[in-house]
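Observations on chain architecture
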Amino acid sequence: MKTNHYHPASIFPHWLVFLLVIAAFIAIELKGQFPKGSEPRELCKTVHAFFGQLIFIAMILRLLLRKIYGVPVPTNPNPKIVTMAKAMHWLLYALLLISPIFGMLYFQYGGKELHFLGWTWPQLLSPNPAMKKSVESIHEFMGNTLYFLIATHAIAGLWQHYVLKDDTLRRMLNKIKAHA
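Residues numbered from 1 in each chain as written. Predicted model: local features only at pLDDT ≥ 70, side-chain atom pairs only at ≥ 80, totals over all residues. Heavy atoms only, no water.

1. A closer look at the packing of helix H1 (residues 8-31) against helix H2 (residues 39-69)
- Where H1 contacts H2, the axes come no closer than 8 Å and their chain directions differ by 160°. Judged by the inter-axis angle, H1 sits roughly antiparallel to H2. As H1 packs across H2, the resulting crossing turns out to be left-handed. (Axes fitted to C-alpha atoms, helices over the stretch in contact; angles between N-to-C directions. Helix = DSSP H or I, 4+ residues; strand = E, 2+ residues; numbered from the N terminus. Parallel < 35°, antiparallel > 145°, perpendicular 65-115°, else oblique. Left-handed = near helix turned anticlockwise from the far one by under 90°.)

2. Overview of the nonpolar core
- Grouped together as the largest cluster of nonpolar side chains are 24 residues, with contacts concentrated most on Val17, Val21, Ile55, Met59, Leu96 and Leu146.
- For this core, the element with the highest residue contribution is helix H3 (residues 79-109), accounting for 10 residues.
- Apart from the residues within four sequence positions on either side, valine 21 is in contact with Ile55, Leu96 and Ile150. (Core = buried A, V, L, I, M, F, W, Y, C linked by side-chain atoms within 4.5 Å. Buried < 20%, exposed > 50% of the residue type's maximum accessible area, 1.4 Å probe, protein only. Contact = heavy atoms within 4.5 Å.)

3. Some details on the packing of aromatic side chains
- Taken as a whole and assessed by the stated rule, the structure comprises seven aromatic pairs.
- A centroid spacing of 5.7 Å and a plane angle of 90° characterise the contact between tyrosine 106 and phenylalanine 107, whose relative ring orientation is edge-to-face. In this structure, tyrosine 106 and phenylalanine 107 share a single accessibility class: buried.
- Among the aromatic residues, ring-to-ring pairing joins Phe50, Phe51 and Phe116 into one connected group. (Phe/Tyr/Trp six-rings, centres within 6.5 Å; stacked < 30°, edge-to-face > 60°.)

4. Considering the pattern of salt bridges
- Applying the stated criterion across every chain, the model contains three salt bridges.
- The shortest N-O distance in the salt bridge between lysine 45 and glutamate 42 comes to 3.3 Å. Of the two residues, lysine 45 and glutamate 42 both sit in helix H2, three residues apart, roughly one turn of that helix.
- Notably, a salt bridge pairs glutamate 42 with lysine 112, separated by 3.6 Å at the nearest N-O pair. Remark: lysine 112 occurs in the loop between H3 and strand S3 (115-116) and glutamate 42 occurs in helix H2; sequence separation between them is 70 residues.
- Members of the salt-bridge network, linked through shared partners, are Glu42, Lys45 and Lys112. (Salt bridge = Lys/Arg side-chain N within 4 Å of Asp/Glu carboxyl O.)

In structure tokens:
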């Protein structure tokens, strides 16, 4: 479906995911301020896992709404920029879906219970310290990659807004309906 603006139902999950990612990053960064095995450190991991699960759900919603409402026609006529923007979006989507799965695997391989809104996930995998360490490394790499990609995404949006002076950022803020 071709459109010149984002549907409000598509804008909401974009900013929701943004806020959830910030919350997850804050929780995991705070974890390092506490000694291993301490209650506050474990609480930070639990909060991080909760936000990770919310990110996964919000991303499913976001992709579903993207399918229903479509995305606007790119405002920049440069095909290289359009291709890079599409690649950036799909890489972000993939990492924001896959990273929470690796977070859940971390808990499963660690033999720890994972909770979500009063529900405990079933233990589907046998505890395995070697796999836990591998999964943790991959999850951490994806998190660090997300820092870089999100910063690049934000800088690109600001560059388009302030340097190219196009409607890309305003469309995601629902400030205007961009010109055709």
